[in-house]
Amino acid sequence: MNTAIVETINVTREVAWLPWAVSYFFLIGLSYGAFLLSLPGIVLRRPGWEGISRLALLGALVCGLSAPVALLADLHQPGRFWHFYAYFSPGSWMSWGAFFIPLYLGGLLLYAWLAFRPLLAAHGREGGRLAGVARLLAYGGLESRSALLGAALAALLGALLVALYTGAEVMVVRARPLWHTPLLPVQFALTALAGAVGLTLLFNRFSAGTRDTATIRRLAGVLAATQLAALLTGALWLVMGLSGLAPVHAEALAQVADLPGWRLTAAWAVGATVLTWALAALRPGSGLLIGLLALHSAWMMRWTVFIGGQEVPKTGAGLYSYQLPLGPEGLLGIVGTAGLWVFILVLLTTVLPLDRLAGTRGHGA
Amino acid sequence: MKSDPSTRACSPTGVSRRNFLRGIPVLTAAAALPAPAVAASADTPHWGMLVDIRRCIGCQACTMACIQENAMPEGSFRTVVSTYSVALADSAQPAGTYVLPRLCNHCDKPPCVPVCPVGATFKRGDGVVLVDAERCVGCGYCVQACPYDARFINHDTNKADKCTFCAHRLEAGLLPACVETCVGGARVFGDLNDPQGELRRRLDAAGVETKVLKPEQRTAPQVFYIGLEERFAGKVVGQGSLWKPRASHA
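Keep in mind it's a predicted model, so treat the numbers as computed, not measured.

Caption draft 1: Up close: the overall build of chain B. Check the secondary structure of chain B and you find seven helices and ten strands. For chain B, the residues scored as buried account for 49% of the 250 residues in total. When contacts within chain B are restricted to residue pairs at least 6 apart in sequence, those whose partners lie at least 24 apart make up 64%.

Given below as structure tokens:
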């Protein structure tokens, strides 16, 4: 630390993007990642992917439906959300995002409904919990391949645009060197996909498909690939920062390289990624553990970027200290979002039980 | 007297403050040096500020005046005088004090404006960057985009907040509160388009000594400094604050 200058008076700027934002970026990332995982089994009909894709689609739905609530809560004027549509500002990625989110969610809901109609009808026929509701939702239970493909295409476009805007929105902030690197959107996307694999592994663990080692191995293979890609991207980030090839990376690195807390965080992130990769590649049967590790990394990456990034003053010396408040702007917000997530999961799995989705009961989509 | 804000502002009385100010002798000798930043049109005012750090005594009278004038919530500041203790190598004293008044730079290329998703933040024709409180959704994107940490979310209004150059006072033909109260005469406010105004003349006289914060950001700040040391122009490398007031919202 340079003690030649000691800041004796300055102000603390509080974080403007609260843990609500972390929750949003985490959930929307998991959602579009899980949606992409749903494509091989449901759209491409790749053998062995049916159960994985249905579980992933459930994850995409649960995360996709809860994410916008967290986003809305991060606005300090949530009642004015309609201003996004009344005052479109094409120069702002956030403004575009307000249109990409409904495109993605609309496509996702339609795609999921078309994919799950036969399962809902089966649930209604077999007289499970809320069978009447399932019958109603199935609306005949017919399968329409062309409609499914059309909805999948709309959702895919929406998912890609959401992935683009969530990365670009943060990347363009030149005032925060840690955010202003072209690799940030790539890192967001990779950790989102890895987290989605983790979530699918988690769902698989709690379904009757637990002992289906082929499913776990298949997912572990995808997870290992994402972890390797994340490590390579991280290495590229570091090399560009250390070598000075890219001034923006050098500036980002210079901001935190000397800070012990950031060094520990970096070591933790690399360690967790290496461990997840090693377990996924060498012991692919450890489904629950690698799933949780991947989810942890996806959350940690976003927490570090958003909360950690806002702890770095733009002009002042040292760091702003952040302590997680216990109220809605902190812990309660995170717990509340998690509660909403669980509620939606319970609601959906009542008419679409995990066992049925995993393909161990009833028939596939 | 050090400023002339209302020359072309809408003064309800119709009295030109510039005429009043012109009658007062100024001490600064005007040297014909290149202008550091000039507004587009000479027909309209383009408000700017010069902070002469050599004159600042770090009394925080500007900080307090701003808080009172703009009813800032506890722990929120539109301006502050950042104060540093600096080790001295070539002096009998072990350390000296460096002060740096900070506020919104009312940039000519404000990065806070394009990111706003609802067009609530904008740059007015007279150069003042403002927030339309009726439109702001409190998303905080502008807070992130500002390279000077000049913006924050006001916990009383739940909207983006920042220095307005006391726009309401300008309209009434008054100086910004921080300028009015500055004990050492360190803050000079005025119309950058007015070649006879004190601000313009002081800037021209200072020439290359005039600097801005974070020039590499290419935001074209309209708050200029005399006496700004290089190591304080960007993010200061040193030990963190000993005293940082924090908003106490629950």
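Caption draft 2: Quick look at the overall build of chain A. If you tally the helices and strands in chain A, you get 13 helices and one strand. Listing the helices and strands of chain A from first to last along the sequence gives β-α-α-α-α-α-α-α-α-α-α-α-α-α. Taking 21 Å as the expected radius of gyration for a compact globule of 365 residues, we find that chain A reaches 22 Å, a close match to that expectation. Principal-axis analysis of the C-alpha atoms places the extent of chain A at approximately 75 × 50 × 35 Å. Here chain A, with 365 residues, has 51% of them falling under the buried criterion. Contacts spanning at least 24 positions in sequence make up 76% of the contacts within chain A whose residues lie at least 6 apart.

Caption draft 3: Unusual backbone geometry, seen in detail. All names here are of chain B. Positive phi outside glycine occurs at His106, with the angle close to 45°. Residue placement: His106 occurs in the loop between strand S3 (95-102) and helix H3 (112-115). By C-beta crowding, His106 is classed as buried, having 27 other C-beta atoms within 10 Å. Here Cys166, not a glycine, exhibits a phi torsion of approximately 50°, which is positive. Positionally, Cys166 belongs in the loop between strand S7 (159-161) and helix H5 (167-171).

Caption draft 4: Fine view of the sheet that holds strand S2 (residues 80-87) of chain B. Here three strands make up an open sheet; going across it, the order is S1(A)-S2(B)-S3(B) and the pairing antiparallel. Since the sheet does not close on itself, it has two edges, and those belong to strand S1 (5-9) of chain A together with S3 of chain B, each with one partner. With strand direction ignored, the average angle separating the axes of adjacent strands in the sheet is 30°.

Caption draft 5: Representation of the domain arrangement of chain B within the structure. All names here are of chain B. Structurally, chain B comprises domain 1 (49-103) and domain 2 (104-162). Here the C-alpha centroids of domain 1 and domain 2 sit 23 Å apart. On the side of domain 2, nine residues touch domain 1, which itself brings five residues to the contact. Grouping the constituent residues of the side of domain 1 that touches domain 2 by class yields two nonpolar, one polar and two charged.

Caption draft 6: Geometry of the packing of helix H8 (residues 213-243) of chain A against helix H11 (residues 287-310) of chain A. Residues and elements named next belong to chain A. Two elements in contact, H8 and H11, have axes separated by 11 Å at closest approach and are oriented at 30°. As far as their axial angle goes, H11 and H8 are roughly parallel. The element H8 and its partner H11 pack so that their crossing is left-handed. On the side of H8, the interface is formed by Ile216, Ala220 and Leu223, while H11 contributes Gly287, Ile290 and Ala294.

Caption draft 7: Looking closely at H11(A). When the terminal C-alpha atoms of H11(A) are compared, their 34 Å separation across 24 residues agrees well with the 34 Å that a helix rising 1.5 Å per residue should span. A maximum bend of about 25° is found in H11(A) at Thr304(A).

Caption draft 8: How the structure looks around the environment of Glu69(B). Relative to the helices and strands, Glu69(B) resides in helix H2 (residues 61-70). Setting aside anything within four residues of it in sequence, one finds Glu69(B) in contact with Cys166(B) and Ala177(B).

Caption draft 9: Highlighting the interface of chain A and chain B. Taken together, the contact between chain A and chain B spans 42 residues of the former and 49 residues of the latter. Elements with a minimum of two residues in the side of chain A that touches chain B: S1, helix H3 (83-86) and helix H4 (93-126) of chain A. Broken down by element, the residue count for the side of chain A that touches chain B peaks at five residues, all from S1(A). In terms of residue class, the side of chain A that touches chain B is built from 19 nonpolar, 16 polar and seven charged.

Caption draft 10: Up close: the confidence of the model for chain A. On average, chain A scores 93 in pLDDT, and the residues at 70 or more come to 97%. This stretch, residues 361-365 of chain A, has a pLDDT under 50; its non-local contacts, to residues over four places away or in other chains, come to 16 contacts.

Caption draft 11: Geometry of the sheet that holds strand S8 (residues 187-191) of chain B. All names here are of chain B. If you walk across this open sheet you meet the four strands as S8-S1-S10-S9, and the pairing is mixed. Each of the sheet's edge strands pairs with one partner strand only, and the pair in question is S8 and strand S9 (210-211). With five bridges joining them, strand S1 (residues 47-52) and S8 adopt antiparallel strand pairing. Residue pairing across strands places Met49 opposite Phe189, the latter belonging to S8.

Caption draft 12: Expanded view of the packing of helix H7 (residues 184-205) of chain A against H11(A). All names here are of chain A. It is at 7 Å that the axes of H7 and H11 come closest, and there the two elements cross at 145°. Crossing of H7 against H11: the hand is left-handed. Where H7 approaches H11, its residues Gln187, Thr191, Ala192, Ala194, Gly195, Val197, Gly198, Leu199, Leu201, Leu202, Asn204 and Arg205 are matched on the opposing element by Gly287, Leu288, Ile290, Gly291, Leu292, Ala294, Leu295, Ser297, Ala298 and Met301. Of the residues in the contact of H7 with H11, the class split is 13 nonpolar, eight polar and one charged.

Caption draft 13: Quick peek at the confidence of the model for chain B. Residue and element names in this part refer to chain B. Per-residue confidence for chain B averages 84 on the pLDDT scale, and 80% of its residues sit at or above 70. With pLDDT under 50 throughout, residues 5-40 is counted as low confidence; its partners more than four residues away or in other chains account for 62 contacts. We note a pTM of 0.89 for the whole complex and an ipTM of 0.92 for its interfaces.

Caption draft 14: Looking closely at the environment of Glu7(A). Looking at the element boundaries, Glu7(A) is found in strand S1. Discounting residues that sit within four places of it in the chain, Glu7(A) has contacts with Gly316(A), Ala317(A), Gly318(A), Ser82(B), Tyr84(B), Val236(B), Gly238(B), Gln239(B), Gly240(B) and Ser241(B).

Caption draft 15: Seen up close, the environment of Leu58(A). Residue position: Leu58(A) is located in helix H2 (residues 50-74). When residues no more than four places from it in sequence are discounted, the contact partners of Leu58(A) are Phe203(A), Leu348(A), Leu352(A) and Leu357(A).

About the thresholds
Residues numbered from 1 in each chain as written. Chains lettered and ligands numbered in written order. Predicted model: local features only at pLDDT ≥ 70, side-chain atom pairs only at ≥ 80, totals over all residues. Helix = DSSP H or I, 4+ residues; strand = E, 2+ residues; numbered from the N terminus. Buried ≥ 20, exposed ≤ 12 C-beta atoms within 10 Å, placed from the backbone. Contact = placed C-beta atoms within 7 Å. Rg over C-alpha atoms; globule rule 2.2 N^0.38 Å. Pairing = 2+ DSSP bridges. Axes fitted to C-alpha atoms, helices over the stretch in contact; angles between N-to-C directions. Domains from an automatic or database assignment. Nonpolar A, V, L, I, M, F, W, Y, C, P; charged D, E, K, R; others polar. Parallel < 35°, antiparallel > 145°, perpendicular 65-115°, else oblique. Left-handed = near helix turned anticlockwise from the far one by under 90°. Expected span 1.5 Å × (residues − 1). Bend = angle between axes of the 7 residues up to and from the residue. pLDDT = per-residue confidence, 0-100.

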